[in-house]
Every structure is written in C-alpha cells, then in structure tokens.
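Next come the chains, spelled out residue by residue.
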Amino acid sequence: MRRQLVIGNWKMNTSIDEAINLIVDLKEGLNDESTVVCVPYTHIGVVQEIVDDRIAVGAQNLCQFDNGAYTGEISSTMLQSLGVEFVIVGHSERRAYFGETDSMVNTKVQQALKKDIIPVICCGEQLETRKEGSFLPFIENQIREALKNLSKAMVANCVIAYEPVWAIGTGETASAEQAQEVHRFIRGIIENLYDKSTADHMTIVYGGSVKAENAADLFKEEDVDGALVGGASLKANDFLSIIKAL
Ligand code: PGA
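Residues numbered from 1 in each chain as written. Predicted model: local features only at pLDDT ≥ 70, side-chain atom pairs only at ≥ 80, totals over all residues. Heavy atoms only, no water.

**Quick notes on the nonpolar core**
A general trend in soluble globular proteins is that nonpolar side chains are found buried together.
Consideration 1: Within the largest apolar cluster, 64 residues are counted, with the highest numbers of intra-cluster contacts made by Val37, Ile143, Ile186, Ile190 and Tyr206.
Consideration 2: Ignoring anything within four residues of it in the chain, the contact list for Ile186 reads Cys123, Ile139, Ile143, Ile160, Tyr162 and Ile204.
Consideration 3: The next biggest cluster of nonpolar side chains, apart from the first, holds 14 residues, and it includes Leu5, Val36, Ala56 and Ile88. (Core = buried A, V, L, I, M, F, W, Y, C linked by side-chain atoms within 4.5 Å. Buried < 20%, exposed > 50% of the residue type's maximum accessible area, 1.4 Å probe, protein only. Contact = heavy atoms within 4.5 Å.)

**Some words on the side chain of His91**
Consideration 1: With respect to the secondary-structure elements, His91 resides in the loop between strand E4 (86–89) and helix H4 (92–97).
Consideration 2: Sequence-distant contacts of His91, defined by excluding residues within four places in its chain, comprise Asn9, Lys11, Cys122, Glu163 and Ile168. (Helix = DSSP H or I, 4+ residues; strand = E, 2+ residues; numbered from the N terminus.)

**Details of the packing of helix H11 (residues 212–219) against helix H12 (residues 236–245)**
Consideration 1: The contact between H11 and H12 brings their axes to 9 Å, and the two run at 20°. It follows that H11 is roughly parallel to H12 by the angle criterion. The interaxial crossing formed by H11 with H12 has right-handed handedness. Where H11 abuts H12, its residues Ala212, Ala215, Ala216 and Phe219 lie against Ser241, Ile242 and Ala245. (Axes fitted to C-alpha atoms, helices over the stretch in contact; angles between N-to-C directions. Parallel < 35°, antiparallel > 145°, perpendicular 65-115°, else oblique. Left-handed = near helix turned anticlockwise from the far one by under 90°.)

Printed below as a string of structure tokens:
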C-alpha cells in the first residue's frame, strides 16, 4: 500500500538511556503523525515497551538464514517474536562493509516477508556511477535482483528506499529533481515487472542527508513518498521537523 513514511535509521548509535530519551522526546513532539524508528537490535525490546501506536519499531538488518549455527546473527523469526514491523535490507553500508550481495538482499527480503515484516529495500549508486551517467541501469539491476522471485502480493508489502551513496552522511543531498527522476524510474521498473497498479501503490522513500531544510522540497515531488533518515533521526527536533514536512 502506498503511504507516506518517514523512517529513522539510528545505525550503530545511542546507548539504551539515549534511546529512551529520544523516544520520550519524539512522543512529546508528535501530534497525530506516525513514524518508524529502526533501532539497534539491542534496543528493540526496550523501545517496544515505551512507544505508542504512532511509532513503529524496525530493525536495521536480518539474517538470510532461518535459524541454527550462525553466531551473532538475528533471524526474521526473532524479529517477528519481538513485534518488529519493518526491517532495512541491503543498506549501502551493509553492502560496502559486510559484503552483502544482491542475492543476499533478495534472500533477506524473502525472509522478512515470510514473517510479515515489511522490508525497506535500499538501492542507490556510488558517485562514480552517477558521474559516468550509468546510474539508472545500475539501479534497475539492484531492484530486479532484490525482487527476484517475488510475487505481486509479496512486492505489495515492500518499501523501496532510493539512497544515492554519495548523499549518505555527506551533507550532500540529491536535488528534488534528481530524486524524482530516479523514483519515477523505479516506479517504471515495478510497472514493467508487475503492473501499473502495483507500481502506483509502491511506497518509495528517499534517503541521503535528509534534514529539516530540504525535506519539504523532496516531499513535494510526485514519486517521493517519504524519507529514510540517518543522522537527523538522532535528534528529536530535527527528526520531528522532517516528519512534519511530509
Ligand atoms: P543520512 O543517512 O541521513 O545520515 O545521510 C541515511 C541512511 O543511511 O539511511
């Protein structure tokens, strides 16, 4: 279902105390808006205890395997048992630092869907690929690989995040036009792979240095349905401003 969504990605930040304070401040600042916070695994249980129904809790990763001898990993079953509703899959940091491949991303998406967890599937090009001008085929390949063997019904439960790698944590945001171009393109890929209705109903959010100052411009674009926010999601006021810009 296409919806407007601002998702916080806390990455590997915050102590438990800081997490609790952040949620308390968010709850205080929210009116009837709702949001998603993807917190570190260690914080999920505590955060679940203190959120209300305006804040859904997500994870930042999951294991591609069901269960068993995979030391240090967290399965979709474990996330489901905590009541996790969303999980980020294929973030560029996981691809770059932890060797996550397109095929792993595809398996992880399927694991999440099996347990009724909404995967937030990340795609996005490096700066060189953007400069070379080959970013659209690059993104098309990432999307096709991530969605391999997914039925129409399964894809309907996915969210896609376009996060140009050159804009993540750099302070450099894609312009609203650059974001719109890629979001429109992604919707076209979904239409080709499935159909127009599936494409029209797909939630596609933008990520990469989203902040209070640029959020409203990005959200004005027809195919930008919200944001995946890293740095600015760690400060309640900044994150609230982005949510309210939607
Ligand atoms: P950023 O991170 O907002 O700090 O650029 C976005 C992300 O990596 O999801």
